[in-house]
Amino acid sequence: MNDKWVDWDKPITLVSTMAQELKISEEKLRLFRRGVFKFNDGTTQGWTLDQLYDTTDKTMTKLSPFTHPTTGQFFGFTLGNYQNLGLAASGNPVVVLAGPNVTSIDFYLESPDLLNNQDWKNLNGYSLDMQRNYFSLCGDIGTYCLQLQVQVWDLGQKVMKIYGEYDAATKQFVFHKIDAQKPYHLVWTADIFTDPNLQLRFLRLRFTQPNYTTPGSGECLPKGAWLVTNISPE
């Protein structure tokens, strides 16, 4: 009698003797570069949150997010890992009791020190993927923006400097308008990255958004998270 289960667990050997290059897009290949912050280990990989600031205050005096005096609930942004896929700066919601003159607020995400990170040497810039899932159910009012920055050490002057994206034609700094629930891929290259007198130390992401904290805001206050991932040297 034939038993169809005889030798079922013995392997079948398959032999291939040829190979052909796979055509993979540059966008996908960048994810295999060394040094990419993918946030696939459940941590923030050394990134930190710096909050909050009045967008128009050149002295950068910090604003304090509201903390409920009874429950201790914190109404600022918190930084965490998002499903092993990225960083999440979450606010549920963000409340800033700074008066009616503060109509726009900033916060920053900053990388760990890249001084001794060899994967972030000899580069032309950096790129990232991001999405804003922080929004109001009553509809967005005002402009939400992101600016890519770096903090560098000037070897000649021996001081730390901050550079941001800049448009030489308009002579203005560049702020990318970010619509809610849309994916973005941002790339920034500039001559500062190849300047031998400037030593890259930190990546900085500047987020700018309207301050909704007014009487009666209630359920219309924005909630959710700014998501960032695949921060890659270019």
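Note: the structure precedes this text.
Residues numbered from 1 in each chain as written. Predicted model: local features only at pLDDT ≥ 70, side-chain atom pairs only at ≥ 80, totals over all residues. Heavy atoms only, no water.

1. What about the pattern of salt bridges?
Logical step 1: Tallied over the entire structure, the rule returns nine salt bridges.
Logical step 2: The partner of Asp 106 in a salt bridge is Arg 206, with the nearest N and O atoms 2.6 Å apart. Residue Asp 106 is located in strand E4 (residues 104-110), and its partner Arg 206 is located in strand E12 (residues 198-210); the two are separated by 100 residues in the primary sequence.
Logical step 3: Glu 110 serves as the salt-bridge partner of Arg 204, at 3.3 Å between the closest nitrogen and oxygen. Of the two residues, Arg 204 is situated in strand E12 and Glu 110 in strand E4; the sequence distance between them amounts to 94 residues. Take Arg 204 and Glu 110: they sit in the same class, and that class is buried. (Salt bridge = Lys/Arg side-chain N within 4 Å of Asp/Glu carboxyl O. Helix = DSSP H or I, 4+ residues; strand = E, 2+ residues; numbered from the N terminus. Buried < 20%, exposed > 50% of the residue type's maximum accessible area, 1.4 Å probe, protein only.)

2. Some words on the environment of Val 96
Logical step 1: Tracing the backbone shows Val 96 in the loop between strand E3 (86-91) and E4.
Logical step 2: Overall, the relative accessible area of 2% leaves Val 96 in the buried class.
Logical step 3: Residues Val 96 and Asn 211, 115 residues apart in the sequence, show an inter-C-alpha distance of 7.4 Å.

3. Description of the environment of Leu 115
Logical step 1: Structurally, the position occupied by Leu 115 is in the loop between E4 and strand E5 (125-132).
Logical step 2: Separated by 85 residues in the primary sequence, Leu 115 and Leu 200 have C-alpha atoms spaced 6.5 Å apart.
Logical step 3: Non-local contacts of Leu 115, meaning those with residues more than four positions away in its chain, are made with Lys 121, Gln 199, Leu 200 and Arg 201. (Contact = heavy atoms within 4.5 Å.)

4. As for the nonpolar core
Logical step 1: Ranked by size, the top nonpolar core spans 43 residues in total, and within it Tyr 126, Leu 128, Leu 205, Trp 226 and Ile 231 carry the most contacts.
Logical step 2: If you list the elements that add at least two residues to this core, you get E3, E4, E5, strand E6 (145-154), strand E11 (183-189), E12 and strand E13 (224-233).
Logical step 3: Per element, the largest residue contribution to this core is five residues, and it comes from E12.
Logical step 4: Setting aside residues no more than four positions away along its own chain, Leu 205 makes contact with Trp 47, Phe 107, Tyr 108, Leu 109, Tyr 126, Leu 128, Leu 146, Gln 147, Leu 148 and Val 228. (Core = buried A, V, L, I, M, F, W, Y, C linked by side-chain atoms within 4.5 Å.)

5. Regarding the packing of aromatic side chains
Logical step 1: This model, assessed by the stated rule, comprises 17 aromatic pairs.
Logical step 2: Ring centres of Phe 37 and Phe 39 lie 6.1 Å apart, and the angle between their planes is 20°; this geometry places the pair in the stacked category. Each of the two residues, Phe 37 as well as Phe 39, counts as buried.
Logical step 3: Among the aromatic residues, those joined into a ring-pair cluster are Phe 37, Phe 39, Trp 47, Trp 120, Tyr 126, Trp 188 and Phe 193.
Logical step 4: We note Arg 132 situated over the ring of Trp 226; from NZ or CZ to the ring centre the distance is 5.9 Å.
Logical step 5: One residue, Arg 204, lies across the ring of Tyr 108, its end atom 4.4 Å from the ring centre. (Phe/Tyr/Trp six-rings, centres within 6.5 Å; stacked < 30°, edge-to-face > 60°. Lys NZ or Arg CZ within 6 Å of the ring centre and 35° of its normal.)

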